[in-house]
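Residues per chain are reported as follows:
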Amino acid sequence: MSIETLIAGLSRILFAVQAEGEWMPVAASTGAPAVDRLFHFILWLSVFFFVLIVGLMVLFVVRYRRRASRTAPEASPAHNTALELTWTIIPLILVIVIFAWGFKVFMDMSTPPGNAYEVLVTGQKWKWLFTYPNGHVDENLHVPVDTPVRLVMTSEDVIHSFYVPAFRMKKDVVPGRYSKAWFRATRVGEFQVYCAEYCGTSHSDMLSMVVVHEPGGFEQWLERAADFLNKLPPAEAGAKLVAQRGCAQCHSVDGRGGIGPTLKGAFGRQVQLVSGAQVIADEDYIRESILAPQAKVVAGYQPVMPTYKGRLKDAEITAIIEYLKVLSQ
Ligand code: CUA
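Below is a summary of the structure that appears in this document. Think of each chain on its own: its residues are numbered from 1, step by step along the sequence as written. In keeping with the predicted nature of the model, local features appear solely for residues at pLDDT of at least 70, side-chain atom pairs appear and are counted solely at 80 or more, and the whole-chain, interface and lining totals rest on all residues. By convention in this description, side-chain values take in all heavy atoms of the structure and omit both hydrogens and water.

Observations regarding the sheet that holds strand β3 (residues 137–138)
Strand pairing is assigned whenever DSSP detects at least two bridges linking the two strands. Per the convention used, a helix needs a DSSP run of H or I reaching at least four residues, while a strand needs a run of E reaching at least two, with both numbered from the N terminus. If you walk across this open sheet you meet the 5 strands as β3-β2-β1-β5-β8, and the pairing is mixed. The open sheet has two edge strands with one neighbour each: β3 and β8 (179–184). As defined by bridge partners, strand β5 (residues 148–155) adjoins β8 across 6 bridges and the pair is classed as antiparallel. Of the residues in β8, the one forming a bridge with Val149 is Phe183.

Here it is as structure tokens:
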């Protein structure tokens, strides 16, 4: 090992100097470097005091250990005002610095600029949905680069937590209230979104991407994404909706079992309900099951589906029904 690699390795350990992504996730927003600086300050401060305190402890244990020649404790001062003031005032200053610094970073992360672009975020079991100002709903968060984006987030059911490591952003998403967050992406690319609050069976599948577009690319994407309902045949649009809106999270399209019944062969079938009644899964039954999922639950399944009332337009429901027909051919 050359002396250069040794120094590089040591400085990496001691000063957190490292290639990007090696230790921390990539930093892709304006807020991320500020969080990283504070994190490293607290980390290395803790390392310093850990070494100091444990080092002194070991030294004293060895220095004042019991020996044959030492039968009684040595005389020592009971009190040292200067020393006691020092070990009180220095830590006090340090915790005040950590508080003030942390408060500044927190406030910066909590206060979006006035001109921020707004996207609505919905958490539901088990999918993130993103609603854009023109009404388009997507399964991924698309944003323009170098533009402040404000997220207004709520949940359909239980507590979820919106977490983007590359932006150092994590915020609980709670039913019945709105949580807000904002960021300004600094690099083009795709970054993982997680759910960071255990929310049930498919919690770890609650994955989306943040797609950061080049200047101009976002507007183009949004325009194209928003009118697929008009451009595609209904069944194809329906297939897209089933994948995008979280249906496929619980209902397979290939006959496999899941949290809800499979959509393959579902249309036109005779269905046994929890109530004991039987219905034919026609257009009206599918529509009712989307808008009022608890009304006629299929036997053998839990009533856990959230309602899509107000969240799917009539034309979208029609497209989904057309897709189910294709799946049942
Ligand atoms: Cu949603 Cu975990």
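Quick look at the packing of helix α7 (residues 283–291) against helix α8 (residues 314–327)
In contact at an axis separation of 10 Å, α7 and α8 are set at 125 degrees when each is read in the N-to-C sense. Classified by the angle between their axes, α7 and α8 sit oblique to one another. Considering how the two elements wind past one another, α7 and α8 form a crossing that is right-handed. Packed against α7, whose contacting residues are Glu283, Ile286, Arg287, Ile290 and Leu291, the element α8 presents Asp314, Ile317, Ile320, Ile321, Leu324 and Lys325 at the interface. Angles run from 0 to 180 degrees between N-to-C directions of axes, and those axes are lines fitted to C-alpha atoms, restricted for helices to the stretch in contact. Note on angle classes: values under 35 degrees are labelled roughly parallel, values over 145 roughly antiparallel, values of 65 to 115 roughly perpendicular, and the remainder oblique. Definitions for this section: a left-handed crossing has its near helix turned counterclockwise from the far helix by less than a right angle. A right-handed crossing has that turn clockwise. Two residues qualify as a contact provided that any one of their heavy atoms is within 4.5 Å of a heavy atom in the partner residue.

As for the pairing of strand β6 (residues 160–164)
Any residue under 20% of the maximum accessible area for its type is buried, any over 50% is exposed, and the rest in between are partly exposed; the area is computed with a 1.4 Å probe on protein chains only. Counting buried positions along β6 gives 4 out of 5 residues, so the element sits mostly inside the fold. By the bridge criterion, 5 bridges tie β6 to strand β7 (residues 169–173) in an arrangement that is antiparallel. Its bridge partner lying in β7, Phe162 is registered against Lys171. Count of turn residues in the β6/β7 antiparallel hairpin: 4 residues, of which Arg168 carries a positive phi of about 55 degrees. Pairing analysis gives 2 bridges linking β6 to strand β9 (residues 189–195), with the strands arranged antiparallel. Each residue of the ladder has a partner; that of Tyr163, found in β9, is Tyr194.

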